[in-house]
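Chain residues, written in single-letter form:
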Amino acid sequence: MSAMIHEAGHDDADLATIARIVNAVSPDDPTSIDEMRWADATYPGGVRFLAELDGRPVGVGTVGRIYVHPPEFDALWATVDVLPDARRQGIGSGLLLAVSERARERGKSTLHVPVTAARPESVQFLLDRGFTELERNKMVRLDLAGVAPPPIEMPSGVLLTTLAERRDLLAGAHEVAIEAFPDIPGGDEPIAAGGLDEFRARDVDRPGIPADAFMVALEAATGRVVGYASLMLVPGKPTVAWHDMTAVARDWRGRGVAGALKRATIRWAIEHGLEALDTGNDPDN
């Protein structure tokens, strides 16, 4: 059997093929045509490769900017997904070579590639090719079946609203993100929220982020945004969402703001018929 790797197009046919393979191989980190079109519009320059075995698409490689680092950051994000029946035939190595060469062309020296410990053969694949562990996240799930909507008790002096009700609070939420992002553990470089336009595109207007599930905490005395929490619906899984972010201004931490915001997103999820909420966190966080 002969394998061929080529750069994928941006048409619906290629994007649908990519989504099908990625979602079959990495169901915990699925994608969709809408998600890929959002990425292409928001972070131009990302590239996807398709691998075919005797004309049948069997693998996908992607490479592009890491969304929470600036363009000049000396690393790109990459993924390699190969269908189980096509493995151990050099396809994964070929896809990794393709994304590595594209990174070198852009002057980058490093690739960040996600992998799950549930697939030890994938971990070993990367270790055998010189990769080292950069950070580790613990994935957890909250099953919502039979769970009653939790009460939302905001700390004294704090009010709760949403971006759907108060779009004018977007800039205030961004100010909180500027404080909170560098404090998130993991990796060897602090992450950054970026400018307001990037924050809006990545964390507010991205497909699957409901504005009425973007909870905002306000300091009652001043109207200042002191925290926010948001959900993002998982592509292809309308009854599951990720806890996208929970952020609190430094001077308001330790007073119950984050817990109240988290309960507000859980309540929204239950009231909208979701079956589960997923999230990942560095063990040190």
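Structural data are supplied above this passage.
Residues numbered from 1 in each chain as written. Predicted model: local features only at pLDDT ≥ 70, side-chain atom pairs only at ≥ 80, totals over all residues. Heavy atoms only, no water.

Participant: Pulling in residues and values, what's your account of unusual backbone geometry?
Facilitator: Positive phi, close to 50°, is recorded for D54, a residue that is not glycine. In this structure, D54 sits in the loop between β2 (47–53) and β3 (56–64). Judged by its relative accessible area of 47%, D54 falls in the partly exposed class. (Helix = DSSP H or I, 4+ residues; strand = E, 2+ residues; numbered from the N terminus. Buried < 20%, exposed > 50% of the residue type's maximum accessible area, 1.4 Å probe, protein only.)

Participant: Now, about the pairing of strand β10 (residues 237–248): what can you tell me, with residues and values included?
Facilitator: When a strand is regular, its side chains alternate between the sheet's two faces. Pairing geometry for strand β9 (residues 225–234) and β10, over 8 bridges, is antiparallel. The partner of A229 across the bridge, within β10, is T246. With 3 bridges joining them, β10 and strand β11 (residues 276–281) adopt parallel strand pairing. Bridged to A241 within β11 is L277. This β-α-β element, β10 to helix α7 (residues 257–271) to β11, shows right-handed connectivity. (Pairing = 2+ DSSP bridges. Right-handed = clockwise from strand over helix to strand, strands pointing away.)

Participant: A description of the pattern of salt bridges should follow, citing residues and the corresponding values.
Facilitator: Inspection of every chain in the model, using the stated rule, returns 20 salt bridges. Between R206 and E35 there is a salt bridge, with the nearest N and O atoms lying 2.4 Å from each other. Of the two residues, R206 sits in the loop between α6 (196–203) and β8 (215–219) while E35 sits in helix α2 (residues 33–42), which places them 171 residues apart along the sequence. With relative accessibility at 14%, the residue R206 sits in the buried group. Relative accessible area serves as the criterion here: at 13%, E35 is assigned to the buried category. D205 serves as the salt-bridge partner of R167, at 3.0 Å between the closest nitrogen and oxygen. (Salt bridge = Lys/Arg side-chain N within 4 Å of Asp/Glu carboxyl O.)

Participant: Tell me about the nonpolar core, and please be specific about residues and values.
Facilitator: Counting residues in each nonpolar core, the largest one holds 30 residues, and the members touching the most others are I18, I91, V99 and L111. Broken down by secondary-structure element, the contributors of at least two residues to this core are α1 (12–25), β2, β3, β4 (76–82) and α3 (91–105). Judged by nonpolar contacts, the second largest core, of 25 residues, contains A177, V204, M232 and M245. (Core = buried A, V, L, I, M, F, W, Y, C linked by side-chain atoms within 4.5 Å.)

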